[in-house]
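Geometric and topological summary
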Amino acid sequence: STPEDWATRVRMAANGLGVPVPPNLYYRRCVMPLADDIEAIRAHISEHEAVVTFIDSAGYASNDEPERAATAMTFFRALRSLGTSSIIVAHQRQDDKSRRPFGSVFWENSARSTIQVRKAEERGNSVKVGFFNRKVNFGKPFQAFALDAEFHVYAEDKYTDGDYVTFKQGEVANEESLAQEGSPKDRVLNYLYEQDRACAPLEIAKGAGVSSVAEILKRLRKAELVQGEGTAWELTSATRERLDALS
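This text gives an overview of the structure that appears in the document.

Conventions and cut-offs
- Residues numbered from 1 in each chain as written.
- Predicted model: local features only at pLDDT ≥ 70, side-chain atom pairs only at ≥ 80, totals over all residues.
- Heavy atoms only, no water.
- Helix = DSSP H or I, 4+ residues; strand = E, 2+ residues; numbered from the N terminus.
- Contact = heavy atoms within 4.5 Å.
- Buried < 20%, exposed > 50% of the residue type's maximum accessible area, 1.4 Å probe, protein only.
- Axes fitted to C-alpha atoms, helices over the stretch in contact; angles between N-to-C directions.
- Parallel < 35°, antiparallel > 145°, perpendicular 65-115°, else oblique.
- Nonpolar A, V, L, I, M, F, W, Y, C, P; charged D, E, K, R; others polar.
- Pairing = 2+ DSSP bridges.

A few words now on the side chain of serine 62. Along the polypeptide, serine 62 turns up in the loop between strand S1 (52–56) and helix H3 (69–80). Setting aside residues up to four positions removed in sequence, serine 62 forms contacts with Pro33, Thr71 and Trp107.

Here is the structure:
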């Protein structure tokens, strides 16, 4: 990407949120691995008094093959020397069914927290993505959630001042492809949402692909998300109305 690309994305997000463009976001185009360019990057951070560093992406910022443990460790040693908080974009192969970045396990092991982003589908000028907290060193993982991003553009080939993007937060439970990536609770809620009727625990366990379904249903009932007992369980009307509104 270029500084112009970055500025366009920031302006569109700010326009959609109805806020001014932040004055303290700085873009630096890099062509060298992080470890090899570290002195210049540290100087850039010091000049602008940056407190958070965004790197896109880990693969391009690496000095060798990402499958090698030494590559990930070299990257994270350099990253630590920056003295800022950091957000790193890493990638997976399209056919990768795992829940961690492509390459050595040290890409995941060296991070304090990892968040997997999964795209559900595109509908016209909108796209829904799910966010799943796969690893966290402190506290508990956050509840998986979805975002609907809707793009409003006047010209396909260039940015205009009126272009903007809006974000609407939702849940993964009402989107089957995302629910399957989520927690057992999300999968149970999605199954009951899709069936739109009372279901027996054995059917729910098989359809949602979960074990210990009886305990999950009890917790969901305590949270007033489902209702039922014995062989008949379904969403509460309030839960269905909320998921319908987010669809």
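On we go.
Attention now goes to unusual backbone geometry. For the bond from aspartate 56 to serine 57, the omega torsion is 10 degrees, close enough to zero to count as cis. Located in the positive-phi region is glutamate 49, a residue other than glycine, with phi close to 55 degrees. Among the secondary structure elements, glutamate 49 is positioned in the loop between helix H2 (38–48) and S1. Owing to a relative accessible area of 69%, glutamate 49 belongs among the exposed residues under this scheme.

Two numbers describe how helix H6 (residues 184–195) lies on helix H7 (residues 201–208): the axes approach to 9 Å, and their chain directions differ by 110 degrees. What the angle tells us is that H6 and H7 run roughly perpendicular. In this structure, H6 uses Arg187, Val188, Tyr191, Leu192 and Gln195 to contact H7, whose residues at the interface are Glu203, Ile204, Gly207 and Ala208. Classifying every residue of the contact of H6 with H7 gives five nonpolar, two polar and two charged.

Right, let's get into the sheet that holds strand S5 (residues 145–152). The strand order across the open sheet built from four strands is S3-S4-S5-S6, with neighbouring strands paired in antiparallel fashion. The open sheet has two edge strands, strand S3 (113–123) and strand S6 (164–170), and neither has a second partner. Neighbouring strand axes in the sheet, compared pairwise and without regard to direction, differ in orientation by 25 degrees on average. Alignment of S3 against strand S4 (residues 126–136), held across 10 bridges, turns out to be antiparallel. Of the residues in S4, the one forming a bridge with glutamate 121 is lysine 128. Sitting on the sheet, helix H1 (residues 3–17) touches S5 and S6, and the angle it makes with S6 is about 60 degrees.

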